[in-house]
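The lines below spell out each chain.
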Amino acid sequence: QVQLVESGGGLVQPGGSLGLSCAGSGSIFSINAMGWYRQAPGKQRELVAVITSGGITNYNDSVKGRFTISRDNAKNTVYLQMNSLKPEDTAVYYCNADIRPYGVPRYYAYWGQGTQVTVSS
């Protein structure tokens with residue numbers, strides 16, 4: 001059984017920083033892209049940042065220059081460092097990964113359980 005477990009998140013003041021991590025566990029053969037999405041109340045889920053297995057990154061324009069995505073392939077873990085946080089960054093953040101389990105000839109999209117990030121004074 002494959003799962004993604006997130007950690008981090010919480011309450012932070014505007015201008016502050018917060019870090020998220022998401023670790024894959026279980027019967028993982030390989031992982032392609034890993035990323036972070038977020039969903040604010042009343043809004044659709046949107047891509048925040050994505051990183052390929054080779055380290056190529058892509059960011060939502062709203063977070064460029066403030067957020068940094070990285071990964072540790074040996075640990076099957078993706079990170080999101082969030083700096084200069086704004087109230088509009090408040091949302092539930094979900095990690096996502098394209099994972100090929102052992103014994104399975106294709107990749108599937110897996111999601112973490114979500115973690116709340118609240119930016120407020």
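Everything here concerns the structure above.
Residues numbered from 1 in each chain as written. Predicted model: local features only at pLDDT ≥ 70, side-chain atom pairs only at ≥ 80, totals over all residues. Heavy atoms only, no water.

**A look at the overall build of the chain**
In terms of helices and strands, the chain carries zero helices and eleven strands. Sequence-ordered secondary structure for the chain, helices as α and strands as β, is β-β-β-β-β-β-β-β-β-β-β. The C-alpha radius of gyration of the chain comes to 14 Å, within 12% of the 14 Å expected for a compact globule of 121 residues. In terms of overall dimensions, the chain has C-alpha extents of about 50 × 25 × 25 Å along its principal axes. Taken across its 121 residues, the chain has 39% of its residues classed as buried. When contacts within the chain are restricted to residue pairs at least 6 apart in sequence, long-range pairs at least 24 apart make up 56% of them. Within the structure as shown, the chain displays about 6,300 Å² of accessible surface, and the carbon and sulfur contribution to it stands at 48%. If you average the places of the 10 positive and of the 7 negative side-chain charges in the chain, the two averages end up 4 Å apart. (Helix = DSSP H or I, 4+ residues; strand = E, 2+ residues; numbered from the N terminus. Rg over C-alpha atoms; globule rule 2.2 N^0.38 Å. Buried < 20%, exposed > 50% of the residue type's maximum accessible area, 1.4 Å probe, protein only. Contact = heavy atoms within 4.5 Å. Areas by Shrake-Rupley, 256 points an atom, 1.4 Å probe, with all protein chains shown as cover. Lys, Arg positive; Asp, Glu negative; His and termini not counted. Charge placed at Lys NZ, Arg CZ, Asp CG, Glu CD.)

**Quick notes on the environment of Lys86**
With respect to the helices and strands, Lys86 occurs in the loop between strand E8 (77-82) and strand E9 (91-101). Taking relative accessible area as the criterion, Lys86 reaches 35% and is therefore assigned partly exposed. Each C-alpha atom, one on Lys86 and one on Leu20, is 16 Å from the other, the two residues being 66 residues apart in sequence. In this view, Lys86 contacts Arg66 and Val119; residues no more than four positions away in its chain are not counted.

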